Amino acid sequence: MLRVDKASLYFASRDGRPVHALDRVSLDIPERALVVALGTSGCGKSTLLNAMAGFLPLSSGSITLNGHAVEGPGAERGVVFQKDTLLPWKSVAENVALGLKFAGVGRAERRDRALELLRLVGLEDFADAAPYELSGGMRQRVGIARALAPDPAILLMDEPFGALDSMTREQMQELLVSVWARTGKQIFFITHSIEEALFLGTQLIVMSPRPGRVVARYDLDFVETFARDRDARAVKTAPTFAGLREEIRAIVHQTEPNRSAAQ
Amino acid sequence: MTDIAAANSPSAPLTEAPPRVVKMRAFGIGEYSTLAISVATGLALLALWQFVAWTRLVSHLFLPTPSEVVDAAISIYRDGYANASLWEHVGASLARIVTAAAIAIALGAPIGLSMGLSRWAKGVFDTPIEFYWPLPPLAYLPLMIIWLGIGEVSKIALLTLAMFAPIALSAQAGVRSVSSERVNAALSLGATRFQLLREIVLPSALPEILTGIRIALGVGWGTLVAAELIAATRGIGYLIMSASNFLATDVVFVGIGIIAACAFAFTFAMRLVERWLVPWKGQS
């Protein structure tokens, strides 16, 4: 269980005034949960993820993983970035095995484990390719396999599919659900796509900007339906799905600062 | 359905002439090779040289013909020049530049990396480097000779100093070019500080370090020949200097040709090293 308790965070802006990025955000990510954070850009969702990953310290509040305070980056929290951060001088398999290398795992075992993870994301045939030979969607799959390699307790995903075309994106969502169902990891997933958030989340939090805070929470079961029936079309065309999509769209639009400032 | 099938079938029968292949119009030189133009320019310059020398527009003493230069090259190759064989001259210059490059890389790369990583290293090394790097090396050659003598040590020290700064500064720039996402990714995979340095920072900085070495070799050749002109009894620069004392212009040309060939060979070797060490350069 990852627990965020009244997390507040201020950045120093360029003119020295503090910018309020997170305002007393509280959030629990239980075992096996897939929690999705949705919001417009600037709502603090990436800041929240960076704090969970340990890249950013909090101004106040706390983040704990299974009771231990988060005080910096660590292998028990795997991160998948929006921009792929694969190392071009290593092969795909070596990239996947990077965390195992850091942990001191031997070469042969690293290779076996990397191949196993590449099989999980459907890239076993590309183990010896260079990362720059792969398409954007394939690179993100390698990124997911790499984050899973050290067997983290939680996977933090920062708009991982944001730069992909919509067809690849849907494939990646379905792949992520299989990975989630297969590994049983708890996942924190950031997106600005309402449909993606509804389709993937067991829990959904909607965030609003300036200062970043949680304005709505939902418990969802679309992802479990999909994991069972594997019929994305049926899930996404269901009346409850469409109804929630409009409801959340209204909430998100309300939080847009330009709109509220104009009225 | 039949409409779609018809639309998908190729409209032209296979027996017709191949279609005209087109591509986007390019601005600038485009992608056509300039090799033929370059070769033609080289030949034209040679012809112009031969012509000017042949017409005696310029005194023969100042401008020998190409064939005389070739003759001089053959005679130097056979008999040596100024108390040493051709290989002794070339070998002396190469030994100086290779030794100095090795020392400059061994010192410059780690110091430059530490300057990119540590505020203390940056603060300490910035002052001397920023002070001496803009100076022309020949300005402090007299000091080197006074301190270290007229032998090899002073010349190698001079070359090392001249080559050290570009390597150190590019290594420092290489560290700065490492993206924070890449660092964060490694840290969240459990990298220690040492692993981060070895697996992420060093390979990320390698392309810039190699570029720095290439610049350093360019600076090195310039400094080497100038130093040999002033204080040496062996070397390509010395060969040129002693030839000019006797107005042996053809030998001066031979010396210039040798320097050009060596510098070209070094550049070519660096390209091969880059292709071998950083095949990913420009790919991500």
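Details of the structure are given in the entry above.
What you see is a predicted model, and the numbers here were worked out from it, not measured in a lab. (Residues numbered from 1 in each chain as written. Chains lettered and ligands numbered in written order. Predicted model: local features only at pLDDT ≥ 70, side-chain atom pairs only at ≥ 80, totals over all residues. Heavy atoms only, no water.)

## Concerning the interface of chain A and chain B
Many analyses report the size of an interface as the accessible area lost when the parts associate.
1) Next: Of the residues lining the interface, 22 residues belong to chain A; the matching set on chain B comes to 19 residues.
2) Next: Between chain A and chain B, the buried area comes to about 1,900 Å², and carbon and sulfur atoms account for 69% of it.
3) Next: In terms of surface lost to chain B, no three residues of chain A exceed Trp89, Phe102 and Tyr132 of chain A, which account for 40% of the buried area on that side.
4) Next: Here chain A is connected to chain B by 3 salt bridges.
5) Next: A salt bridge links Lys101 of chain A to Glu199 of chain B, with the shortest nitrogen-to-oxygen separation between them at 3.1 Å.
6) Next: Summed over the shared surface of chain A and chain B, the number is 3 residue pairs in polar contact (both at pLDDT 80 or more).
7) Next: Among the residues making up the side of chain A that touches chain B, the classes are represented as 14 nonpolar, 3 polar and 5 charged. (Contact = heavy atoms within 4.5 Å. Buried area = accessible area lost by both parts, 1.4 Å probe. Salt bridge = Lys/Arg side-chain N within 4 Å of Asp/Glu carboxyl O. Polar contact = N/O pair within 3.5 Å; in protein donor to acceptor, adjacent residues only side chain to side chain. Nonpolar A, V, L, I, M, F, W, Y, C, P; charged D, E, K, R; others polar.)

## Examining the packing of aromatic side chains
Residues and elements named next belong to chain A.
1) Next: Scanning the entire structure with this criterion turns up 10 aromatic pairs over all chains.
2) Next: Both rings, one in Phe55 and one in Phe81, keep their centres 6.1 Å apart while their planes meet at 15 degrees; by these two values the pair is stacked. In this pair, Phe55 sits in the loop between helix H1 (45-53) and strand E4 (60-65) while Phe81 sits in the loop between strand E6 (77-80) and helix H2 (92-96), placing the two residues 26 residues apart along the sequence. For the residue pair Phe55 and Phe81, the accessibility class agrees, reading buried in each case. (Phe/Tyr/Trp six-rings, centres within 6.5 Å; stacked < 30°, edge-to-face > 60°. Helix = DSSP H or I, 4+ residues; strand = E, 2+ residues; numbered from the N terminus. Buried < 20%, exposed > 50% of the residue type's maximum accessible area, 1.4 Å probe, protein only.)

## Brief notes about the sheet that holds E6 of chain A
All names here are of chain A.
1) Next: Strand order in this open sheet of 6 strands is E6-E7-E8-E3-E9-E10, and the pairing throughout is mixed. Here the strands that pair on one side only, and so sit at the sheet edges, are E6 and strand E10 (213-219). Strand-to-strand twist of the sheet, defined as the mean angle between neighbouring strand axes without regard to direction, takes the value 20 degrees.
2) Next: Pairing between strand E3 (residues 34-38) and strand E9 (residues 203-208): 4 bridges, direction parallel. Bridge assignment links Leu38 to a residue of E9, and that residue is Val206. (Pairing = 2+ DSSP bridges. Axes fitted to C-alpha atoms, helices over the stretch in contact; angles between N-to-C directions.)

## Some remarks on the packing of helix H3 (residues 66-79) of chain B against helix H11 (residues 249-277) of chain B
Think of two packed helices as two axes; the pair is described by the angle between the axes and how far apart they sit.
All names here are of chain B.
1) Next: Running from amino to carboxyl end, H3 crosses H11 at an angle of 75 degrees, the nearest separation of the two axes being 8 Å. In terms of orientation, H3 and H11 fall into the roughly perpendicular class. Of the residues in H11, those in contact with Glu68, Val69, Ala72, Ala73 and Ile76 of H3 are Asp250, Val251, Phe253 and Val254.
2) Next: Looking at side-chain class alone, the contact of H3 with H11 contains 7 nonpolar, no polar and 2 charged residues. (Parallel < 35°, antiparallel > 145°, perpendicular 65-115°, else oblique.)

## A few points about unusual backbone geometry
1) Next: The omega torsion across Arg210 of chain A and Pro211 of chain A is -10 degrees, close enough to zero to call that bond cis.
2) Next: Position of Pro211 of chain A among the secondary structure elements: in the loop between E9 and E10.
3) Next: Despite not being glycine, Arg56 of chain B shows a phi value in the positive range, around 60 degrees.
4) Next: Positionally, Arg56 of chain B belongs in the loop between helix H2 (35-55) and H3.
5) Next: Using a relative accessible area of 54% as the deciding quantity, one classes Arg56 of chain B as exposed.
6) Next: Despite not being glycine, Asn83 of chain B shows a phi value in the positive range, around 65 degrees.

## Focus on the environment of Leu27 of chain A
All names here are of chain A.
1) Next: Turning to its location among the elements, Leu27 is positioned in strand E2 (residues 18-29).
2) Next: Between the alpha carbons of Leu27 and Gln173 there is a distance of 23 Å; along the sequence they are 146 residues apart.
3) Next: When neighbours within four sequence positions are excluded, Leu27 is seen to be in contact with Leu2, Arg3, Val4, Val35, Leu48, Met52, Phe188, Ile205 and Arg217.

## Some words on the side chain of Lys185 of chain A
Residues and elements named next belong to chain A.
1) Next: On the secondary structure map, Lys185 appears in the loop between helix H6 (166-183) and strand E8 (186-191).
2) Next: With relative accessibility at 12%, the residue Lys185 sits in the buried group.
3) Next: Side chain to side chain, Lys185 and Asp151 meet in a polar contact 2.5 Å long.
4) Next: Within polar-contact distance, the side chain of Lys185 engages the backbone oxygen of Pro152 at 2.9 Å.
5) Next: When neighbours within four sequence positions are excluded, Lys185 is seen to be in contact with Arg32, Ala33, Leu148, Asp151, Pro152, Ala153 and Trp180.

## Quick word on empty space enclosed by the protein
1) Next: With the rule as written, the count across this model stands at 2 cavities of 30 Å³ or more.
2) Next: Quantified by volume, the largest cavity comes out at close to 60 Å³.
3) Next: When contributions to the lining of the largest cavity are tallied by element, the ones reaching two or more residues are E6 and helix H5 (136-148) of chain A.
4) Next: The residue inventory of the lining of the largest cavity, partitioned by class, reads 4 nonpolar, 3 polar and 4 charged.
5) Next: Considered as a void within the structure, the second largest cavity measures approximately 40 Å³ in volume.
6) Next: Together, Gly78, Val79, Phe81, Gly143, Arg146 and Ala147 of chain A together with Ala185, Ser188 and Leu189 of chain B line the second largest cavity.
7) Next: The set of elements that each furnish at least two residues to the lining of the second largest cavity consists of E6 and H5 of chain A together with helix H8 (180-188) of chain B.
8) Next: Element by element, the count of residues in the lining of the second largest cavity is highest for H5 of chain A, at 3 residues.
9) Next: Looking at side-chain class alone, the lining of the second largest cavity contains 5 nonpolar, 3 polar and 1 charged residues. (1 Å grid on protein atoms, 1.4 Å probe; cavity = no way out; pocket = protein on both sides within 12 Å on 5 of 7 lines; lining within 4 Å. Points joined across faces, edges and corners; volume = space filled by probe spheres on them.)

Any functional reading would require information beyond the geometric quantities listed.
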